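Structure assessment
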Amino acid sequence: MRNKLTIIALAIAAMANAQERRVVELNNGWEFSRDMQQWTQVSVPHDWAIAGPFDKKWDLQWVAIEQNGEKEKTEKSGRSGALPWIGEGHYRTSVEIPEGYSKATLMIDGAMSNAHVKINGKELAWWPYGYNAFNVDFPIKDIKNVDIEVSLNNVEESSRWYPGGGLYRPVKLLLTGDTRFNTWQTYIRTIDASAEKATLELIAQVSGQKGITKAEMTDNKGNIVASASQTTDDEGYVVMQLNVTKPKLWSPESPYLYKIRLTHSLNGKTLDEETHNVGIRTISVTKEGGFQLNGITRKIKGVCLHHDLGPLGAAENETALIRQIKTMKEMGCDAIRTAHNMPSTMQMDICDSLGMMVMAESFDMWIYPKCKNGYAKYFKEWANRDITNLVCHHRNHPSIIMWSIGNEIPEQWSKEGVDISRHLQDICHKLDPSRPVTQGMDKAERALKSGFAQVMDVPGFNYRVHKYENNIKQLPKGFLLGSETASTVSSRGVYKFPVVVSDKAVYDDGQCSSYDTEYCSWSNLPDDDWRCQEDYPWVIGEFVWTGYDYLGEPTPYDTYWPSRSSYFGICDLAGLPKDRYYLYRSHWNTNAHTVYLLPHWTWPGREGQVTPVYCYTDANEAELFVNGKSQGRIKKQKDSRLDRFRLRWNNVAYEPGEIRVVAYDNNGTVVGEDSRKTAGKPAEMKLDIECPASSDGTLKADGMDLAYITVSLVDKNGTFCPTLSDNITIKVEGNGSFEAACNGDATSLQPMKQPEMALFSGKTVFVVRSSTTPGTIKVTVFDKQRKMSCTKEISVK
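Criteria and cut-off values
- Residues numbered from 1 in each chain as written.
- Predicted model: local features only at pLDDT ≥ 70, side-chain atom pairs only at ≥ 80, totals over all residues.
- Heavy atoms only, no water.
- Axes fitted to C-alpha atoms, helices over the stretch in contact; angles between N-to-C directions.
- Helix = DSSP H or I, 4+ residues; strand = E, 2+ residues; numbered from the N terminus.
- Parallel < 35°, antiparallel > 145°, perpendicular 65-115°, else oblique.
- Left-handed = near helix turned anticlockwise from the far one by under 90°.
- Contact = heavy atoms within 4.5 Å.
- Nonpolar A, V, L, I, M, F, W, Y, C, P; charged D, E, K, R; others polar.
- Buried < 20%, exposed > 50% of the residue type's maximum accessible area, 1.4 Å probe, protein only.
- Core = buried A, V, L, I, M, F, W, Y, C linked by side-chain atoms within 4.5 Å.

It is worth spelling out the packing of helix α1 (residues 318-331) against helix α2 (residues 345-354) at this point. The contact between α1 and α2 brings their axes to 10 Å, and the two run at 40°. It follows that α1 is oblique to α2 by the angle criterion. Judged by the twist between their axes, the crossing of α1 over α2 is right-handed. Where α1 abuts α2, its residues E318, L321, I322, I325, K326 and K329 lie against M346, Q347, I350, C351 and L354. Among the residues forming the contact of α1 with α2, the class breakdown is seven nonpolar, one polar and three charged.

Structure (structure tokens):
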């Protein structure tokens, strides 16, 4: 039997403003089936594939990846994550509609993919692109119940990474009267801004009765700071200006948000209203000033993020997104690139509120396919609609600083590519004149020769920093962006000896060295990018590939099974920082010192062997001690590739005990120190609990909030045991439930939706979800091999 989702909030009798709009979140009450025969109850967002099992048969491909420079086809077993995302999936729910409403809009933020939507048995929409949001309008006057059905179909070789499957982003239902503000047709932009005054332009469209539209802007305390009103024209439009005195400008350092409440009324009766968060800020990119936010030049310190959330798969969750953004900001990152997909509403709302700039990307391919059944099949028919939805949907987010119309598009050498670039860029300009447009190019010579690069507002180049100097000579705009950089590879807590600097290193265990000296044939090390950022004023910033590991694309182990997720991340798939996180932090975070030592110092059997020691620090000088004996006080070397931004002692002989580093500023003052000790026999379990959405370590009783629990073992002195691989199980009792598990190992085949996971490099992460009832969650983890357990409680409010 179908579940009925009743909109209990609407059971209030009609009043003067009888048709006040309501936005209802359709999280619960869904049924799901793969075959239209057997149905199970699920909540949305939902990813049907993340529970697994991992298996190389899923989307097994025999291809040559041209973007990686491959010429011959080979078996790619983990390219799209080795999870069962291919095939059909069907969702249905029923909604009881209260009286007083005549129009409805079903708002789907993302459905993977080829979504066919039926309302009361009639198909009203088809939207093939799984990364785009779309709306379905339908009448509801005198209708008491609405049956919603969404059917999806994912085909093989349609993605270069794990796309997930299902209604993986939120679904909402908008209810209004006959007269209403048209969805996504309100546009608010900053015309100019200074410390003294800001001018905003607001354009809105109303369908239905003509009347007076009023805009009221308030600060975060509810004080009115600006207002304006206007009668709608014959097409329902209003165009108004709002002037704000002494505005608080939005920036990553101070993400101040105002609210604008729009009200449309006739003869004193409110017919509709809507509210928007607004950030006042200006953007410019010029030869003279580079990238400027609010008139201040800054280098973009960005990372690329795929859409999956590690063990949650593609199923979007607010707390998981908050965790990502907060972790990146603590590193010093100030921007993300949604690569290579369109962003979600929830992600952009979080970037607005936490202060993270965004390059909002659209397509990974145009007409020429990168994979057999990819978006190229739909580009000619759907590109205009998809880019229009992207811009109209997200243009009011202050966090978005530029649009991206493509990534490594094969057509970049051709006139056809130039024409498409110009066409897509023109659509962005028409819908949003306030932001520049870019794309990431990987064939610099071809793109410059054809004029493809010169067309763009912001020429973006992926990798190949050694070509930057030649590129800039051919760019009249006088600047360029590192739209995708680094692609350094590493596995958290894994170190390979001897240490090599290599673009082709692979090992029998399917792991990469965490000394951060390994990369790919087309890419480079972080140090190479920073040299360009520092030495060339015309390089306006970078977006590192990637902030987090993601499912699929297991380069450099594309042909190695069981590798099924990436190694590029600064953080691993579980969200745990790799050593490289602290390398970036040492360079990007200017608010706090970084002093971080690697590797770990538990190496039984390596006694007397050379075991290099690195220090990632913002300090210019440091001294290393092994068991109290100095290994030398060294300084960074500007002319050295690896010693300009790192401090390295390459000839340290391992001996058990302690390594300790002391870092100094240019005046010889100690700014910090760090140490690593040799671990003894494991003595107890340790649980570190992170509640990213709260400031007091509690969870919200909303059924959606998450706690991340990192499990490790320590010896009798509390020293972390970094090499263990014990299998850990978890039991969750009380006001919460087990959600997922992950250890960051790209070769692990353990299902991420089962309450057990092995330690990888000594750590694993469990995710726990809150219930809708306040109380306490009791979490107990077990290491049955060592007959250990540990229990902690989490408060749910």
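Turning to unusual backbone geometry, a few remarks are in order. The linkage connecting F497 with the following residue, P498, adopts the cis geometry, with an omega of -5°. Its location among the elements puts P498 in the loop between β31 (480-486) and α8 (526-535). Between L598 and P599 the backbone carries a cis peptide bond, its omega angle lying at 5°. One can find P599 in the loop between β33 (595-598) and β34 (613-617). For D59, which is not glycine, the phi dihedral falls at a positive 55°. In this fold, D59 is placed in the loop between β4 (40-42) and β5 (61-63). With a phi angle near 45°, E408 is a residue other than glycine that sits in the positive phi range. Summarising the element assignment, E408 is placed in the loop between β28 (400-407) and α4 (415-431). Classification of E408 by relative accessible area gives buried; the value is 9%.

Right, let's talk about the nonpolar core for a bit. Counting residues in each nonpolar core, the largest one holds 212 residues, and the members touching the most others are L106, V303, F363 and V781. With seven residues, the single largest contributor to this core is helix α3 (residues 379-394). With residues near it in sequence (within four places) discarded, V303 still touches M328, M331, C333, A335, I336, R337, F543, V544, G547, I570 and W588.

Worth remembering: the numbers are spatial, not functional.
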